[in-house]
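As a plain string of letters, each chain reads:
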Amino acid sequence: LTGVLDDCLCDIESIDDFNTFKIFPKIQKLQERDYFRYYKVNLKRPCPFWADDGHCSIKDCHVEPCPESKIPVGIKAGSSNKYSKAANNSKELEDCEQANKLGAVNSTLSNQSKEAFIDWARYDDSQDHFCELDDERSPDAQYVDLLLNPERYTGYKGPSAWRVWNSIYEENCFKPRSVYRPLNPLAPSRGGLEFDGLFSWTGLCLEKRVFYKLISGLHASINLHLCANYLLEETWGKPRWGPNVKEFTRRFDPIETKGEGPRRLKNLYFLYLIELRALSKVAPYFERSVVDLYTGNGHEDAESKALLLDIFRDTKSFHMHFDEKSMFAGDKKGAKSLKEEFRLHFKNISRIMDCVGCDKCRLWGKLQTQGLGTALKILFSEKEIQSLPENSPSKGFQLTRQEIVALVNAFGRLSTSIRELQNFKVLLQQTR
């Protein structure tokens, strides 16, 4: 996999070098910090689109919630918006943040209330959420320690998993006219991949191409994690996890996928570029002294913020960023309509994650879609970020702690995917 990516001026080799030597080691360290390792999630929300298939009973699908006693006091002390010490002490800031939060959680509000909160917060269309957010106050929402519940192959596959991805691609994605897709495992066939002519972008504008590549890149990244952390064998009741070259080849080899595998991997690089761009754009939000990454441990909080700002400096130094200004740049009415369509499609995809039957897969699916949704929210809020006040929260642009944790961990997963791809290159050379 080499050369320049479509729809941008960046080459794969530059991303590989930048990720390996600058980003990957730092983002790994950041994900181990208390602020970023605890994620609050509701894994019991019913699937809104079809009757539940029942949950996966494989033991590796299980997610172990974190006991309350283990959660840092500054994280569990209040609402997810409380990322700074000041916000944990100030009633005025709390009221301000609570109103912003109510404006965001619009699926449970009457139309009249929604309009009132949106008017109060003066959010424009770019500020709307791209993801369906979990209600963190629900008794079913629990903190999960991401380090103790790593993303890996669990054995969850077949009709249930196929239906989730099929719904994403066929019903919620702007798809190229022809593309190889795994056949329905429920249909009587000899398996393999379907094909309906040459791959073609005909009729898809830049924005729709970008949307498809983001979803395909996310799918490729998740598949890479499963191939790299595969259950190889179980000896004396102890599982051994590691890279599975055969599984990697099945999902990405040009011959086995009839040319589709390399395109999927290029889409992974494209997604990496989009989230990298979002991190470079949101830096001013975190550079303000009002943002603490508050856990209650002053020394740890200062170190976490220093490491995060160091990563932001690296993202800004990258010289081949994707230019998001090329998107939604047509006539205002058409651009606004397209942006809304883009947002609603993505929001639906975030809701489909509640249909994943394996808890561990659902956890990481929800986190990674929320991370990408947060990246899109950032890219479409540049003016609001640039006009942030230094010493107080902004009504125009805010991130909840959940969004911050999802953003960093989702990008960490992409960074890991690109690193794992280098490992598979070596392993493939050894097996030839």
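Residues numbered from 1 in each chain as written. Predicted model: local features only at pLDDT ≥ 70, side-chain atom pairs only at ≥ 80, totals over all residues. Heavy atoms only, no water.

An unreviewed UniProt entry lists the chain under the name ERO1B protein, from Uria aalge. Its UniProt record, at the heading Cofactor (unreviewed entry), says of the chain: "FAD". Check the Subcellular location (unreviewed entry) section of the UniProt entry for the chain; it says "Endoplasmic reticulum membrane". (UniProt positions renumbered as here; feature names shortened; annotations may be inferred.)

(A) Examining the UniProt feature "active site" (unreviewed entry) in the chain more closely. Per the UniProt record, the feature "active site" (unreviewed entry) sits at Cys358 and Cys361. Counting through the fold element by element, Cys358 comes out in the loop between helix 12 (332-352) and helix 13 (359-379). Sequence-distant contacts of Cys361, defined by excluding residues within four places in its chain, comprise Thr154, Tyr156 and Val356. (Helix = DSSP H or I, 4+ residues; strand = E, 2+ residues; numbered from the N terminus. Contact = heavy atoms within 4.5 Å.)

(B) Here's a closer look at the packing of aromatic side chains. This model, assessed by the stated rule, comprises ten aromatic pairs. On the basis of an interplanar angle of 45° and a centroid distance of 5.2 Å, the ring pair of Phe248 and Phe252 is categorised as tilted. With a gap of four residues between them, Phe248 and Phe252 both fall in helix 9 (residues 245-252), about one helical turn apart. Given the relative accessible area of 6%, Phe248 is considered buried. Where Tyr285 meets Phe397, the ring centres are 5.4 Å apart and the plane angle is 85°; that geometry is what we call edge-to-face. Placement of the pair is Tyr285 in helix 10 (residues 260-287) and Phe397 in the loop between helix 14 (382-386) and helix 15 (401-431), with a sequence separation of 112 residues. (Phe/Tyr/Trp six-rings, centres within 6.5 Å; stacked < 30°, edge-to-face > 60°. Buried < 20%, exposed > 50% of the residue type's maximum accessible area, 1.4 Å probe, protein only.)

(C) Seen up close, the side chain of Asp11. Relative to the elements of secondary structure, Asp11 occurs in the segment before helix 1 (12-31). One buried charged side chain, Asp11, makes no salt bridge at all; its nearest oppositely charged neighbour is Lys425, positioned 11 Å away. The residues contacting Asp11, other than those within four sequence positions of it, are Gly3, Val4 and Met320. (Lys, Arg positive; Asp, Glu negative; His and termini not counted. Salt bridge = Lys/Arg side-chain N within 4 Å of Asp/Glu carboxyl O.)

(D) Looking closely at the side chain of Thr369. Structurally, Thr369 is set in helix 13. Side-chain polar atoms of Thr369 contact the backbone oxygen of Gly365, separated by 2.8 Å. (Polar contact = N/O pair within 3.5 Å; in protein donor to acceptor, adjacent residues only side chain to side chain.)

(E) Region of the structure containing the UniProt feature "binding site: FAD" (unreviewed entry) in the chain. This chain's UniProt record puts "binding site: FAD" (unreviewed entry) on Arg152, Thr154, Trp165, Ser216, His219 and Arg251. Positionally, Arg152 belongs in the loop between strand 2 (141-145) and helix 7 (159-172). Look past the residues within four positions of Arg152 in its chain and what remains in contact with it is Leu226, Asn229, Trp241 and Lys360. Within the fold, Arg251 resides in helix 9. Apart from the residues lying within four places of it in its own chain, the contact partners of Arg251 are Asn223, Cys227, Thr257, Gly261 and Arg264. A distance of 2.6 Å separates polar atoms of two side chains, one belonging to Arg251 and the other to Asn223.

(F) Here's a closer look at the environment of Ser415. In this fold, Ser415 is placed in helix 15. For the pair Ser415 and Tyr269, spaced 146 residues apart in sequence, the C-alpha separation works out to 9.6 Å. A polar side-chain atom of Ser415 sits 2.6 Å from a polar atom in the side chain of Asn19.

(G) Broad picture of the state of the cysteines. For the structure on display, the rule yields one disulfide. Here Cys47 connects covalently by a disulfide to Cys355, the sulfurs 2.0 Å from one another. Between Cys47 and Cys355 the disulfide shows an S-S torsion of about 75°. By sign, it is right-handed. Of this pair, Cys47 sits in the loop between strand 1 (38-42) and helix 3 (73-76) while Cys355 is found in the loop between helix 12 and helix 13, placing the two residues 308 residues apart along the sequence. You'll find Cys47 and Cys355 in the same group, each marked buried. (Disulfide = S-S within 2.5 Å.)

(H) Region of interest: the pattern of salt bridges. One pass over the structure, following the stated rule, counts 16 salt bridges. Among the salt bridges present, the one from Lys26 reaches Asp310, with a minimum N-O distance of 3.2 Å. Taken together, the positions of Lys26 in helix 1 and Asp310 in helix 11 (residues 298-317) put the pair 284 residues apart, joining distant regions of the chain. Owing to a relative accessible area of 23%, Lys26 belongs among the partly exposed residues under this scheme. Asp310 sits in the partly exposed class, given a relative accessible area of 23%. Taking the shortest distance from any N to any O, the salt bridge between Lys316 and Glu287 comes out at 2.9 Å. On the criterion of sequence distance, the pair formed by Lys316 in helix 11 and Glu287 in helix 10 is long-range, its members being 29 residues apart. For Lys316, a relative accessible area of 43% translates into the label partly exposed. Bridged by salt links that share partners, the residues Lys26, Asp310, Arg313 and Asp314 form one connected network.

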